Amino acid sequence: MFCLRLWLFGMSLLSCYLPGSFGLSLDSRVHKKGASVLILGGGVSGVIAARTIHERGITNFTIVEARGELGGRLTSQAFGAPGKQVTLELGANWVQGTQAGDGPANPIWTLAQKHGLHTHFNDWFGSITTYDATGPVNHVDVFDDSGDAYTNLTIAAGARVEKRLVDATARTGYSLIGAKSRTAQAMASEYYQFDWEYAQTPEESSWIASSWGNNFTYNTDEGGFGDDNQMALDQRGFKYFIQAEAAEFLQPQQVRLNSTVKKITHSQSGVSVELVGGETLHADYALCTFSLGVLQNDDVVFEPALPDWKQEAIQSMVMATYTKIFLQFPERFWFDTEMALYADSERGRYPVWQSLDHENFFPGSGIIFVTVTGDYSQRIEALPDAQVQEEVMGVLRAMFPNVTVPDPLAFFFPRWHTDPLFRGSEHHENLRANVGERLWFAGEATSQKYFGFLHGAYFEGVDVATDIAKCIQGGACAGIAHVEEVQNARPYQV
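Residues numbered from 1 in each chain as written. Predicted model: local features only at pLDDT ≥ 70, side-chain atom pairs only at ≥ 80, totals over all residues. Heavy atoms only, no water.

1. Notes on the overall build of the chain
Stated precisely, the cut-off is as follows: Each helix corresponds to a stretch of at least 4 residues labelled H or I by DSSP, and each strand to a stretch of at least 2 residues labelled E; elements are numbered beginning at the N terminus. Each residue is assigned to one of three classes by its accessible area relative to the maximum for its type, calculated with a 1.4 Å probe on protein chains only: buried under 20%, partly exposed between the two thresholds, exposed over 50%. Surface exposure here means Shrake-Rupley accessible area, sampled with a 1.4 Å probe, where a residue is shielded only by the protein chains that are shown.
From N to C terminus, the chain includes 15 helices and 23 strands. Among the 494 residues that make up the chain, the fraction classed as buried is 60%. Split by element, the accessible area of the chain, about 19,800 Å² in all, is 50% carbon and sulfur.

Next up, the structure:
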């Protein structure tokens, strides 16, 4: 999930707010027991929100999904030359943190097991080969040092929380612990540890929040699920687990596919949702699970406009983009490990490689992919496929100077940032808080502990839907607190 999150600076200043600066919606009227809910978006948050209110006995709801299937950014596609095609994941690909012993289980892992999803452990740190522009160069020692630096970064972030110190960027954190990456090898290794996880640079990311996301997911001492990463290999697609879960409770009339939201009108009495094409849906409540990028790009119009505190929360965050570039060759000519790291003089230039033609994944497939993130993702999306392919092939040929590297049989990468349904691939309180009594928000972007993670989307779906159910069944609605104005701890002095 990841960015310099101004909300986090806000959290560190809570003790400085004036009385009454928190907004809390309290509905004094009786809410209808048979109230209707529109759940806008059929990704993990949307489906789990629907399941949650279904389990509370509420059946008058509809999931409104723009695509032709449920799953959100769980998007898969057949890739490869005729006769050699494999279903690959364009978006989320891993269950990150599963379960250690009898400790807490990642709910995504629980659902994956329940529905028989085929996965395999992906060894990110113990099965790696390193390269630079001259070819194979062993800089695993530098790579290991970067792993230690990241661990120290999270420890130092925890110390700041205990002392109630203000947040800073992760780059500031790296500098304060003495981890200053200056060589191509050090920059690539830092990228692997940080950018590849969060899809953003340390300069864009909150020091404390990025550490929270890591610790609450992987560190069992902090309640995390363990350090196991399971890669989805199921030929039904990673999306299968959430579609199978939805099939257990959804009725046909409770889901509308191929329905893109254009406008949301909200008031104290309900919501109206206008679809592309002109149809309008009406309900007592709406739960928006759109990506942060969709909200930032005004792809959906709100009437009246969202209040300043909400817009500030939306615009203060960075929508991360994580792009996999897939290539298929007649046969494998590359590394025997699962992963590889390429150190270029330009930080973030085609650095992280993974072999899918591996005994643990799709042996004999001839498929390899490289990942870019953030600004570099946006850069390649603006280029024609032929130019991106030429650049990627140039890197491959530099990595293997003694191999005659053929042109690929197949080449593909998704364009997340320019897709109006996503505007990126991966984002507490102000972003999370409801607007009025009828308009609610959920998604991985609203998760403080697990932003950017699939299980963050799950937990937000559960929590916010539970609040909506309480509104409907309890007769009164206590909303999620927000801060009307995020103020400095002390007056500015110039």
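On we go from here.
2. With respect to the packing of aromatic side chains
To keep things clear, this is the line we draw: Pairing of aromatic side chains here covers Phe, Tyr and the six-membered ring of Trp, requires ring centres within 6.5 Å, and sorts the geometry by plane angle: under 30 degrees stacked, over 60 edge-to-face, intermediate tilted. In this analysis the charged atom, NZ for Lys or CZ for Arg, is taken to sit over a ring once it is within 6 Å of the ring centre and within 35 degrees of the ring normal.
By the definition in use, this model includes 27 aromatic pairs. Here Tyr150 and Phe194 contribute two aromatic rings whose centre-to-centre distance is 6.3 Å and whose plane-to-plane angle is 70°, an arrangement assigned as edge-to-face. You can see Tyr150 sitting in helix α4 (residues 140-163) and its partner Phe194 sitting in the loop between α6 (184-193) and α7 (195-198), a full 44 residues away along the chain. For the pair shown, Tyr150 and Phe194 are each scored as buried. For the pair Tyr192 and Trp196, a centre-to-centre distance of 4.9 Å together with 35° between the ring planes defines the contact as tilted. When sorted by exposure, Tyr192 lands in the same class as Trp196, which is buried. Of the aromatic side chains, those joined through ring pairs into one cluster are Trp94, Trp124, Phe125, Phe143, Tyr192 and Trp196. Directly above the ring of Phe441 sits Lys310, whose terminal nitrogen or CZ lies 4.0 Å from the centroid. The residue whose ring lies beneath Arg438 is Tyr285, and the NZ or CZ to ring-centre distance is 4.9 Å.

3. A short note on the sheet that holds strand β20 (residues 367-373)
Rules: Here, any two strands with at least 2 DSSP bridges between them count as paired.
Spatially, seven strands are ordered β9-β8-β18-β19-β20-β17-β21 in an open sheet, and the strand pairing comes out mixed. Both edges of this open sheet fall to β9 (135-136) and β21 (410-412), since each of them pairs with a single strand only. Looking at chain direction, strand β17 (residues 322-328) and β20 are connected through seven bridges and run antiparallel. Paired with Lys324 across the bridge in β20 is Thr371.

4. Observations regarding the pattern of salt bridges
Here is the rule we go by: Salt bridges are identified by distance alone: a Lys or Arg side-chain nitrogen within 4 Å of an Asp or Glu carboxyl oxygen.
Inspection of the entire model under this criterion finds 20 salt bridges. The closest approach of N and O atoms between Asp407 and Arg397, which form a salt bridge, is 3.1 Å. Of this pair, Asp407 sits in the loop between α13 (385-399) and β21 while Arg397 sits in helix α13, and the two are 10 residues apart along the sequence. Salt-bridge contacts for Asp463 lead to Arg432; the nearest nitrogen and oxygen are separated by 3.7 Å. With Asp463 in helix α15 (residues 454-474) and Arg432 in helix α14 (residues 429-432), this pair connects stretches of sequence that are 31 residues apart. Overall, the relative accessible area of 34% leaves Asp463 in the partly exposed class. When salt bridges that share partners are traced, they join Arg51, Glu55, Lys114, Glu245 and Glu248 into one network.

5. Side note on the nonpolar core
Here is a general trend for soluble globular proteins: nonpolar side chains tend to be buried in one another's company. Convention followed: Definition of nonpolar core: a set of buried residues of the types Ala, Val, Leu, Ile, Met, Phe, Trp, Tyr and Cys, connected through side-chain atoms within 4.5 Å. Should any heavy atoms of two residues lie within 4.5 Å, those residues are counted as being in contact.
Leu40, Val44, Phe241 and Ile264 are the most contacted members of the largest nonpolar core, which has 71 residues in total. Tallying contributions element by element places α15 first for this core, with nine residues. Those residues in contact with Phe241 that lie beyond four places of it in its chain are Val44, Leu74, Ile108, Leu111, Ala112, His115, Leu117 and Leu454.

6. Focus on a negative patch on the surface
Just so we agree on the cut-off: Patch criteria: residues need more than 30% relative accessible area and no salt bridge. Like-charged residues are merged within 9 Å; nonpolar side chains of Val, Leu, Ile, Met, Phe, Trp and Tyr are merged within 5 Å. Positive charge is attributed to Lys and Arg, negative charge to Asp and Glu, and no charge count is given to His or to the chain ends. Charge positions come from single atoms, namely NZ of Lys, CZ of Arg, CG of Asp or CD of Glu.
Taken together, the side chains of Asp141, Asp144, Asp145 and Asp148 define an acidic patch exposed on the protein surface. Tracing the backbone shows Asp145 in helix α4.

7. Topic: the side chain of Glu391
By secondary structure assignment, the location of Glu391 is in helix α13. Residue contacts for Glu391: discarding those within four places in its chain leaves Arg349, Tyr350, Tyr376, Arg379 and Leu383.

8. Considering the sheet that holds strand β22 (residues 439-441)
Strand order in this open sheet of five strands is β11-β3-β2-β15-β22, and the pairing throughout is parallel. Each having just a single partner strand, β11 (255-256) and β22 make up the two edges of the open sheet.

9. What about the confidence of the model for the chain?
Selection rule: The pLDDT score gives, residue by residue, the confidence of the prediction method on a 0 to 100 scale.
Confidence along the chain averages 88 in pLDDT terms, with 90% of residues attaining 70 or more. Confidence over residues 1-31 falls short of pLDDT 50; this stretch has 109 contacts with residues more than four positions distant or in other chains. When the criterion is pLDDT under 50, residues 419-427 qualifies, and its contacts beyond four places in sequence or with other chains add up to 56 contacts.

10. Section: the pairing of strand β18 (residues 339-343)
Of all five residues in β18, five are buried; the element is thus mostly enclosed. Side-chain alternation along β18 places Met339, Leu341 and Ala343 on one buried face and Ala340 and Tyr342 on a second face that is also buried. Here three bridges tie β18 to strand β19 (residues 352-355), and the two strands are oriented antiparallel to one another. Within β19, the residue paired with Leu341 across the bridge is Val352.

11. Some points on the packing of α4 against helix α8 (residues 207-218)
Counted only if it meets this: Axes, fitted as lines to C-alpha atoms, cover a helix only where it is in contact. Angles between the N-to-C directions of the axes lie from 0 to 180 degrees. Put simply, angles under 35 degrees are roughly parallel, angles over 145 are roughly antiparallel, angles from 65 to 115 are roughly perpendicular, and the rest are oblique. Should the near helix be turned anticlockwise from the far one by less than a right angle, the crossing is termed left-handed; should it be turned clockwise, right-handed. Under the grouping applied here, Gly and all other residues not named as nonpolar or charged are polar, the nonpolar ones being Ala, Val, Leu, Ile, Met, Phe, Trp, Tyr, Cys and Pro and the charged ones Asp, Glu, Lys and Arg.
Where α4 meets α8, the axes come as close as 9 Å, and the angle between the chain directions of the two elements is 110°. As judged from the angle between their axes, α4 and α8 are roughly perpendicular. With respect to the hand of their crossing, α4 and α8 are arranged in left-handed fashion. In contact with Tyr150, Leu153, Thr154, Ala156, Ala157, Arg160 and Val161 of α4, α8 contributes Trp207, Ile208, Ser210, Ser211, Trp212, Asn214 and Asn215. In terms of residue class, the contact of α4 with α8 is built from eight nonpolar, five polar and one charged.

12. Let's talk about the layout of surface pockets
Formally: Lining residues are defined by having an atom within 4 Å of a point belonging to a cavity or pocket. Those points lie on a 1 Å grid over the protein atoms alone, cavities being sets where a 1.4 Å probe fits but cannot get out and pockets being open sets with protein on both sides within 12 Å along at least five of seven lines. Grid points are joined across faces, edges and corners, and a volume is the space filled by probe spheres set on the points.
One number sums up the size of the second largest pocket: a volume of about 540 Å³. Lining the second largest pocket are 22 residues, and of these Phe125, Tyr150, Asn214, Tyr218 and Asp227 lie nearest its centre. Where the lining of the second largest pocket is concerned, the elements lending two or more residues are α4, α6, α7 and α8. It is α4 that contributes the most residues to the lining of the second largest pocket, six residues altogether. The class makeup of the residues in the lining of the second largest pocket is nine nonpolar, nine polar and four charged.

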